[in-house]
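A structural walkthrough
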Amino acid sequence: MIKVSNLQAGYGAVRAVRGVSLTLGKGELVTVLGANGAGKSSLMLTIAGALKPTGGQVFFDGKDVTGATPERMVRLGLAMVPETRDVFPDLTVAENLRLGAYIRRKQVDAVQADLEKMYEIFPRLKEREHQAGGTLSGGEQQMLVIARAMMSDPKVLLLDEPSLGLAPNLVDQIFEMILELKATGLSILLVEQNASKALQIADRAYVLRLGEIAAEGTAAEISEASDLHAMYLGG
Amino acid sequence: MVGLIQFIIDFLSLGGAYALMALGLVIVYGILKLVNFAYGELIMVAGYTLYLVGGTGMPWIFMAIIAILMSVLFGILTDYVAFRPVRAKSVTAVLITSFAFSTLLQNGALLFISPRPRNIPLPDIFTETIEIAGVITPIRNLLTIATAVISLSLFTWLMRRTVIGIAMRAAATHFTMARMLGVPANLIITSAFAISGLLAGIVSMFWLGRIGAVTPGIGLEPLLIAFIATVIGGMRSLQGAVLGGFLLAFIDTGLNYTLPQDLLKFRDAFTFSLVILILLWRPEGLLKGPASGQRT
Ligand SMILES: Nc1ncnc2c1ncn2[C@@H]1O[C@H](COP(=O)(O)OP(=O)(O)OP(=O)(O)O)[C@@H](O)[C@H]1O
Ligand SMILES: [Mg+2]
């Protein structure tokens, strides 16, 4: 679904992504690990079109989409849950979700059905349907942004640290949900600080260090790699 | 009693005009986090359009609609000329280009029309008065109140009930996130400028209606009013802009009624002192609004 080759991106003089190549197959769950500041979020933002690449290429479904706008990427079928969550604070939960379906707002019935489905998966959101997004708790906001991303009916989902700041039982819940989403055939690229948990559910993994791929392999290979900790914490 | 009714009518009509002016400025600020310094010129454009179509003899309401449409058009033009080419570069660049566009329009009016005031056509109803409960008041004031109520209701409906309105509210806090949901950036920004132009156009009818003429510099005062109203109301909140507009009008009208004759010419000094007091008390304005996203 996604192929990235020799991708480079940064912020002015800061080179955050330095020649990263990776692939994400259909229905695959791939995790990207790495220390703080390794460039994981920058990589995700570049794929989603929110950060302009300075070199390399991004392919979606075989099409070259290097430098495409975020609007174009979501139309192609890519949904992003950023690390910053970015719940729209003065929109209600329902409005947040409906905006998630912006690109298919004409399919009124399908959108309504998906909205009901999201409320079924996250009953908490249903209870808070008319509450402003900014008043939700951190965990509820995380549920909201994942549900909002799903409202666009994506083929590829980018999840940047979905478990960040959540209570342990909620983390388990989120991971279970990621597995359920994978079972529906969705391709998922998952960035996580919680490496062991991510490796338990992932098919393959990449380890990013200082903006470069330091290791890659199946989840089992990466977990077994003796120097994982060194790579991970070595920054 | 008579004095009170008089005061309320004066306050509400001035407040309605101020609120619409402020809303037109803050709708663009909310999304781009940039003040459009060419905003006042939209009122000038509407005024000169009225002047230019004045000789055609068509019914006034058509002239007004053409003038308002020109204001919308120039609002959108501001985006294309002053904002879009430099938006991604820097805040300073946009500040300068919007100043430049403002100056350009003013000089255009100076050069091609005249530095002297030009009378604009006004409907008879604008100069008539009416007596309510013993108070004689210009019908224009009541029309201003009615127009403000209708415009504010329509605006609220647009922002709460339509997809584009919801998308604009979203873009005002997290612009990039809205784009990552498929909301086209340019559509949102152009819509904001169009709405800004519409509000400026509507308010200009009453603003110019008070004065009866248009000059190249006519836009400065509305820009200042809109700016002060949004600053005291809270730059990040649409409700704040409306509240700020009415509060500023309350101060202005209140001073008009209470200041002795010989101090009246210093009214603005009193107004600004009160504005400073409000800002000392509430530096972020009265309404905070949602934590705003980054400039885009
Ligand atoms: N907006 C920005 N402006 C300048 N530099 C930035 C910006 N965002 C990130 N960086 C820098 O880019 C590098 C990579 O940051 P990035 O957020 O991609 O790391 P990360 O792997 O996601 O880290 P974390 O695990 O803490 O989320 C860091 O050195 C960071 O300081
Ligand atoms: Mg990150």
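Refer to the structure presented above.
Let me begin by describing the structure that accompanies this report. Every value quoted in this text rests on a predicted model; they were computed, and no experiment measured them.

Across its full length, chain B carries 11 helices and 4 strands. Relative to the 2.2 N^0.38 estimate, which gives 19 Å for 296 residues, the radius of gyration of chain B is 19 Å and therefore close to what a compact globule would have. Relative to its 296 residues, chain B shows a buried fraction of 54%. At a minimum sequence separation of 6, the contacts of chain B that also span at least 24 residues come to 75%. By element, 70% of the accessible surface of chain B is carried by carbon and sulfur atoms, the whole surface being about 13100 Å². Averaging the positions of the 18 positive and the 11 negative side-chain charges in chain B gives two centres separated by 16 Å.

Moving on to unusual backbone geometry. Even without glycine at this site, A:Asp153 takes up a positive phi of about 55°. Take A:Asp153: it is sitting in the loop between helix 6 (138–150) and strand 7 (156–160). Of note in this structure, B:Ala133 is not a glycine but carries a positive phi near 45°.

All right, on to the sheet that holds strand 3 (residues 29–34) of chain A then. Residues and elements named next belong to chain A. Taken in spatial order, the 6 strands of this open sheet run 6-7-8-3-9-10, and their pairing is mixed. The open sheet has two edge strands, strand 6 (78–81) and strand 10 (212–218), and neither has a second partner. Geometrically, the sheet is characterised by an average inter-axis angle of 15° between neighbouring strands, direction not taken into account. Sitting on the sheet, helix 1 (residues 40–48) touches strand 3, strand 6, strand 7, strand 8 (187–191) and strand 9 (204–209), and the angle it makes with strand 7 is about 150°. Each of strand 6 and strand 7 touches helix 6; the most contacted strand, strand 6, lies at about 170° to it.

So, about the pairing of strand 7 of chain A. Residue and element names in this part refer to chain A. For strand 7, the buried fraction is high: 5 of the 5 residues fall into the buried class. Side chains Val156, Leu158 and Asp160 of strand 7 all project onto a buried face; the interleaved residues Leu157 and Leu159 project onto the opposite face, where all are buried too. Examined bridge by bridge, strand 6 and strand 7 share 4 bridges and lie parallel to one another. Residue pairing across strands places valine 81 opposite leucine 159, the latter belonging to strand 7. When strand 7 meets strand 8, the two strands line up parallel, connected through 5 bridges. Across the sheet, the residue bridging to valine 156 is serine 187, located in strand 8. Handedness of the strand 7-helix 7 (residues 168–183)-strand 8 crossover: right-handed.

On to the site of ligand 1. All names here are of chain A. Around ligand 1 sit 14 residues, and of these Lys40, Ser41, Ser42, Glu83 and Gln193 come closest. Asparagine 36 places a polar side-chain atom, nitrogen or oxygen, 2.8 Å from an oxygen atom of ligand 1. Between ligand 1 and lysine 40, the relevant distance is 2.6 Å, taken from an oxygen atom to a side-chain nitrogen or oxygen of the residue. Contact with the protein chains removes 62% of the 630 Å² of surface that ligand 1 exposes when unbound. Taken together, the elements giving at least two residues each to the shell around ligand 1 come down to strand 2 (14–24) and helix 1. Residue contributions to the shell around ligand 1 peak at 3 residues, all from helix 1. Partitioning the shell around ligand 1 into residue classes produces 5 nonpolar, 6 polar and 3 charged.

For the rest of this paragraph, the subject is the pattern of salt bridges. Under the defined criterion, the tally for this structure stands at 17 salt bridges over all chains. A salt bridge links A:Glu95 to B:Arg169; the shortest N-O distance between them is 3.1 Å. Here A:Glu95, found in helix 3 (residues 93–100), pairs with B:Arg169, found in helix 6 (residues 163–173), and the two come from separate chains. Taken as a pair, A:Glu95 and B:Arg169 share a single burial class, namely buried. One salt-bridge network, in which partners are shared between bridges, spans A:Arg124, A:Glu127, A:Arg128 and A:Glu140.

Glancing now at the side chain of A:Asp160. Residues and elements named next belong to chain A. In this fold, aspartate 160 is placed in strand 7. Buried within the structure, aspartate 160 lacks any salt-bridge partner; its nearest side chain of opposite charge belongs to lysine 40, at an N-O separation of 6.8 Å. A polar side-chain atom of aspartate 160 sits 2.7 Å from a polar atom in the side chain of serine 41. Once you skip the residues sitting within four places of it in the chain, aspartate 160 turns out to touch Ser41, Met44, Val81, Pro82, Glu83 and Val191.

Here we come to the coordination of the magnesium ion (ligand 2). Residues and elements named next belong to chain A. Coordination of the magnesium ion (ligand 2) by the protein involves Ser41 (OG), Glu83 (OE) and Glu83 (OE), with metal-donor separations of 1.9 to 2.7 Å. Of this pair, serine 41 sits in helix 1 while glutamate 83 sits in the loop between strand 6 and helix 3, placing them 42 residues apart in sequence. Using a relative accessible area of 18% as the deciding quantity, one classes serine 41 as buried. For glutamate 83, a relative accessible area of 33% translates into the label partly exposed.

Reading guide: rules and limits
- Residues numbered from 1 in each chain as written.
- Chains lettered and ligands numbered in written order.
- Predicted model: local features only at pLDDT ≥ 70, side-chain atom pairs only at ≥ 80, totals over all residues.
- Heavy atoms only, no water.
- Helix = DSSP H or I, 4+ residues; strand = E, 2+ residues; numbered from the N terminus.
- Rg over C-alpha atoms; globule rule 2.2 N^0.38 Å.
- Buried < 20%, exposed > 50% of the residue type's maximum accessible area, 1.4 Å probe, protein only.
- Contact = heavy atoms within 4.5 Å.
- Areas by Shrake-Rupley, 256 points an atom, 1.4 Å probe, with all protein chains shown as cover.
- Lys, Arg positive; Asp, Glu negative; His and termini not counted.
- Charge placed at Lys NZ, Arg CZ, Asp CG, Glu CD.
- Pairing = 2+ DSSP bridges.
- Axes fitted to C-alpha atoms, helices over the stretch in contact; angles between N-to-C directions.
- Right-handed = clockwise from strand over helix to strand, strands pointing away.
- Near = heavy atom within 4 Å.
- Polar contact = N/O pair within 3.5 Å; in protein donor to acceptor, adjacent residues only side chain to side chain.
- Nonpolar A, V, L, I, M, F, W, Y, C, P; charged D, E, K, R; others polar.
- Salt bridge = Lys/Arg side-chain N within 4 Å of Asp/Glu carboxyl O.
- Donors = N, O, S within 2.8 Å, 3.2 Å for Na, K, Ca; no water.

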